[in-house]
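Report on the structure
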Amino acid sequence: MGKIIAVANQKGGVGKSTTVINLAAFLGSRDKTVLCIDIDPQGNLTTGLGIKKKSVEVSSYDILVGRARIQDAIIETDFKNLHIIPATENLAGAEVELLNMENRVNRLKMQVLSLRESYDYIFIDCPPALGTLTINALVAADSIIIPMLAEFFALEGLSQLTNTIKIVKSNYNPGLDIEGILFTMFDSRLNIANDVVAEVDKHFPGKVFETKIPRNVRISEAPSHGKPIMYYDKSAKGADSYTLLGLEMLGEPLELPEKKKRNIFSFKKKKKK
Ligand SMILES: Nc1ncnc2c1ncn2[C@@H]1O[C@H](COP(=O)(O)OP(=O)(O)OP(=O)(O)O)[C@@H](O)[C@H]1O
Ligand SMILES: [Mg+2]
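Notes on the structure follow. (Residues numbered from 1 in each chain as written. Chains lettered and ligands numbered in written order. Predicted model: local features only at pLDDT ≥ 70, side-chain atom pairs only at ≥ 80, totals over all residues. Heavy atoms only, no water.)

**A short note on the site of ligand 1**
Of all residues adjacent to ligand 1, which total 18 residues, the nearest are Lys16, Ser17, Thr18, Pro214 and Asn216. Within the backbone of Val14, an N or O atom sits 3.0 Å from an oxygen atom of ligand 1. Taking Gln42, its side chain carries an N or O atom lying 3.1 Å from an oxygen atom of ligand 1. Protein contact buries 82% of the 620 Å² of open area that ligand 1 shows by itself. Of all the secondary structure elements, the ones that give two or more residues to the shell around ligand 1 are α1 (16-29) and α9 (217-221). Ranked by residue count, the leading element in the shell around ligand 1 is α1, at three residues. Broken down by class, the residue content of the shell around ligand 1 amounts to six nonpolar, eight polar and four charged. (Near = heavy atom within 4 Å. Polar contact = N/O pair within 3.5 Å; in protein donor to acceptor, adjacent residues only side chain to side chain. Areas by Shrake-Rupley, 256 points an atom, 1.4 Å probe, with all protein chains shown as cover. Helix = DSSP H or I, 4+ residues; strand = E, 2+ residues; numbered from the N terminus. Nonpolar A, V, L, I, M, F, W, Y, C, P; charged D, E, K, R; others polar.)

What follows is the structure, given as structure tokens:
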């Protein structure tokens, strides 16, 4: 039975879509069957996986407002074992349309559960807001991955998000678990970055992914070619970091050479005063 994972953070530009694209591609390359669902009206996941929005006939919008069956929205990508349900711009209106609908926070769940048997992993890429779309993802999901930047304000955002998770858990989805908190665009040379990791680790023991995703220009170039990093530049540091994240999630041994691992894991432990 497949696992449904929402990738969410109401803060914009923290690497949600990038993480879905690259983690999904890695798992697909490891013979897992993966579906990515784009529920962000910006459609970055859709574009980043090489789908032209103009060519989309059925999108996540149609699923949420009940105009189509979820099976009819699935598109195969060019990447191994990787399917997508795309988003188009009309999704921007869904937030308002859903307000007047019955079961407005259960709409994604009602449809997505029928696909659980068909995939090993289903990732949902959320928009940068804690509105009805993100709540739909949290209600449907088994767990949540929270990408975040290691900067001071990120801590405030995290407490807002964990409050929302608590509300969703107590009202709709008691089983919702935090899969992991993922530091992205990480720079281990910055003291603040290491301080923030230590602080988050203290509040969420065992929940911070050991793998940190470094800032890497190849990661930011890949979406403009409609490709995950491992298909765009396999040798990039960014590709290695998402490989390590995938292996960490699968609980498999990290098989990169020591030197490369050090490169990615090289965040300093806080010195004792
Ligand atoms: N590790 C990285 N190194 C360099 N650039 C990155 C990295 N991760 C993401 N980016 C770039 O940062 C920007 C924001 O990333 P992304 O779109 O994945 O964030 P997001 O959280 O999905 O944003 P939004 O909230 O708008 O949906 C993009 O231009 C992306 O290419
Ligand atoms: Mg995004």
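Now that the structure is up, let's keep going.
**Observations concerning the packing of α1 against helix α11 (residues 237-250)**
Two quantities define a packed helix pair, namely the angle between the axes and the distance from one axis to the other. Direction vectors running N to C along α1 and α11 enclose 70°, while the axes themselves pass 9 Å from each other. Taken together, the axes of α1 and α11 are roughly perpendicular relative to one another. By crossing handedness, the relation of α1 to α11 is classed as right-handed. Facing Thr18, Thr19, Asn22, Leu23, Phe26 and Leu27 of α1, the residues of α11 in contact are Tyr242, Thr243, Leu245, Gly246, Leu247, Met249 and Leu250. For the contact of α1 with α11, a count of residues per class yields eight nonpolar, five polar and no charged. (Axes fitted to C-alpha atoms, helices over the stretch in contact; angles between N-to-C directions. Parallel < 35°, antiparallel > 145°, perpendicular 65-115°, else oblique. Left-handed = near helix turned anticlockwise from the far one by under 90°. Contact = heavy atoms within 4.5 Å.)

**What about the sheet that holds strand β4 (residues 82-85)?**
The sheet built from seven strands is open, its strands ordered β3-β4-β2-β5-β1-β6-β7 with mixed pairing. At either end of the open sheet lies a strand with only one pairing partner, and these are β3 (75-76) and β7 (177-183). One ladder, built from five bridges, connects strand β2 (residues 34-38) with strand β5 (residues 121-125); its direction is parallel. Its bridge partner lying in β5, Cys36 is registered against Phe123. Contacts between helix α6 (residues 132-140) and the sheet are confined to β1 (3-7), β5 and β6 (143-148), with β1 contributing the most and set at about 150° to the helix. Docked against the sheet, helix α7 (residues 152-171) engages β6 and β7, running at close to 165° with respect to β6. (Pairing = 2+ DSSP bridges.)

**Notes on the pairing of β5**
With five of five residues buried, β5 is to be regarded as a mostly interior element. On β5, burial covers both faces: Tyr121, Phe123 and Asp125 on one face and Ile122 and Ile124 on the other are all buried. Here β1 pairs with β5 via five bridges, running parallel. Across the sheet, Val7 pairs through a bridge with Asp125, a residue of β5. (Buried < 20%, exposed > 50% of the residue type's maximum accessible area, 1.4 Å probe, protein only.)

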